[in-house]
Amino acid sequence: HFPMIPFGPLAVLSLYVGALFSLDASPACTVSPCRDSLVAAPNSPGAGAGGAGSGACEGQTGTTGCRMAVSLAAVADAPRRAEHRHDLPQVQPKVSDVRQLIMLHNTKVFVMTQAKCDMETAGGGWTVVQNRHDGSLNFNRTWQEYREGFGSPQGEHWLGNAALHALTSTGQHQLRIELEDWHHQRRHATYNNFKVASETQRYRLTAREYSGDAGNALSYSKRYNHDGRSFSTADRDNDRYAAGNCGQYYGTGWWFDACLAANLNGRYYRGRYSGVTNGIYWGTWYILTDGRTGERYSFKKVEMKTRPRNFSGTS
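Below is a summary of the structure that appears in this document. (Residues numbered from 1 in each chain as written. Predicted model: local features only at pLDDT ≥ 70, side-chain atom pairs only at ≥ 80, totals over all residues. Heavy atoms only, no water.)

## Here we look at the pairing of strand β3 (residues 126-132)
Burial runs high along β3: seven of the seven residues are buried. One ladder, built from five bridges, connects β3 with strand β15 (residues 301-308); its direction is antiparallel. Residue pairing in the sheet places Q130 in a bridge with M304 of β15. Relative to strand β5 (residues 157-158), β3 runs antiparallel, the two being bridged by two bridges. Residue pairing across strands places N131 opposite H157, the latter belonging to β5. (Buried < 20%, exposed > 50% of the residue type's maximum accessible area, 1.4 Å probe, protein only. Helix = DSSP H or I, 4+ residues; strand = E, 2+ residues; numbered from the N terminus. Pairing = 2+ DSSP bridges.)

Set out below in C-alpha cells:
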C-alpha cells in the first residue's frame with residue numbers, strides 16, 4: 001500500500017520547480033405573468049430529462065403562464081468588493097506548468113501530465129482546475145471523463161474530480177472563481193472553505209465562506225444551493241431533481257441541486273443565446289433571462305483555481 005502523503009502548505013509552492021510527489025422547478029418565462037428568475041430547472045415534472053421545448057416555459061414563447069414555486073428577485077446591485085491580498089515577501093514565477101504531477105492517495109496513483117499554476121493572482125499559489133475562454137472544448141462529458149479530467153492546461157480544460165479530491169482531501173483550501181463577460185467586465189468569487197469529497201461520496205462539494213464581487217451563486221437559496229451537493233453528469237444522476245437528470249438536461253457535469261443557480265461547465269455561447277438555459281452561468285451577476293427579448297447570457301471567460309488557505313506567496 002502506498003502511504004497517504006497529504007498536501008502541505010508548500011505543496012502548490014513547489015509546483016513550479018518540477019514534479020511533486022505526494023499524494024421546484026421554477027423556469028424562466030418570456031411573457032407575463034412569469035418574470036425573470038436567477039435559477040434554472042427543467043420545464044416541469046413531466047419533462048424529466050427531456051430536451052428543450054418539451055415544457056411550458058423553458059425556451060418557448062407565446063405561453064400563458066408558468067408555475068413559480070419560489071419568488072426570486074433579480075440582483076440589481078453588485079455585492080461590495082472584498083479583494084484579499086497577501087502581503088508576503090517571497091517572489092515566485094507568475095505562471096508555471098507542472099509536468100507529471102503524481103499524487104498517491106488511498107493506494108491509487110493519479111497521474112496528471114500537466115497542471116497550470118497561477119503564481120500572480122492575489123498572492124499566487126493557485127492550481128488552475130478549470131478554464132473556459134474560446135469554446136474549443138466540449139464540456140458535455142461522461143462521469144469517467146470528469147473524474148479523470150480532459151483538455152489541456154494550455155487551453156480549455158477540467159483538471160479532474162479525482163485530482164480535485166486529492167488536492168483538497170487534507171488541510172484547508174480556497175477556491176477562486178474568475179468571470180469575464182463580453183463587455184470586458186471582470187468579477188470574482190472566493191470561497192475560503194473548499195473541498196471535494198471522494199468518488200464514493202460522489203465528489204460532494206464544500207464551498208463556503210464567500211467573499212468577492214460576483215455574488216455567492218453557489219449558496220443562493222434552499223433549493224438552489226450547490227454547496228453540499230454531489231456531482232452529476234448526463235450518465236450519472238446524483239442531483240436533487242426527482243423527476244429527471246439535470247446533467248442530461250443541461251448537457252454538462254456540475255454540482256447540481258434542483259437544478260442550478262450557477263453552472264460554469266455549461267455550453268459555450270458567444271454572449272446572448274435563446275432556448276434552454278444551458279450556457280456558462282453565474283446567477284448572482286447576470287439574471288437568467290432578458291425580460292424584453294427572452295434571451296439568456298453566457299460568459300466569455302471563466303477560470304476556477306484552488307490553493308491551500310495558508311499559502312505564503314507573493315506580495
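Moving on from the model shown.
## Here we look at the nonpolar core
Formed by 51 residues in total, the largest nonpolar core has its most connected members in W158, I177, L179, L218, L264, W282 and M304. Among the elements of the structure, α1 (143-148), α2 (161-168), β6 (173-180), β7 (186-196), β8 (205-212), α3 (246-250), β13 (281-282) and β15 are those that each provide at least two residues to this core. (Core = buried A, V, L, I, M, F, W, Y, C linked by side-chain atoms within 4.5 Å.)

## What about unusual backbone geometry?
Residue A258 is joined to C259 through a cis peptide bond whose omega torsion reads 15°. Mapping C259 onto the fold places it in the loop between α3 and β11 (262-263). Despite not being glycine, H184 has its phi angle at roughly 70°, a positive value. Structurally, H184 can be placed in the loop between β6 and β7. Positive phi is not limited to glycine here, since Y203 has a value of about 50°. Along the chain, the position of Y203 falls in the loop between β7 and β8.

## Some words on the state of the cysteines
Enumeration over the complete set of coordinates arrives at one disulfide. Paired through a disulfide, C246 and C259 show a sulfur-sulfur distance of 2.0 Å. Judged by the sign of its S-S torsion, about -80°, the cystine formed by C246 and C259 is left-handed. Of this pair, C246 sits in helix α3 while C259 sits in the loop between α3 and β11, placing them 13 residues apart in sequence. Across this residue pair, the class does not change: C246 and C259 are buried. (Disulfide = S-S within 2.5 Å.)

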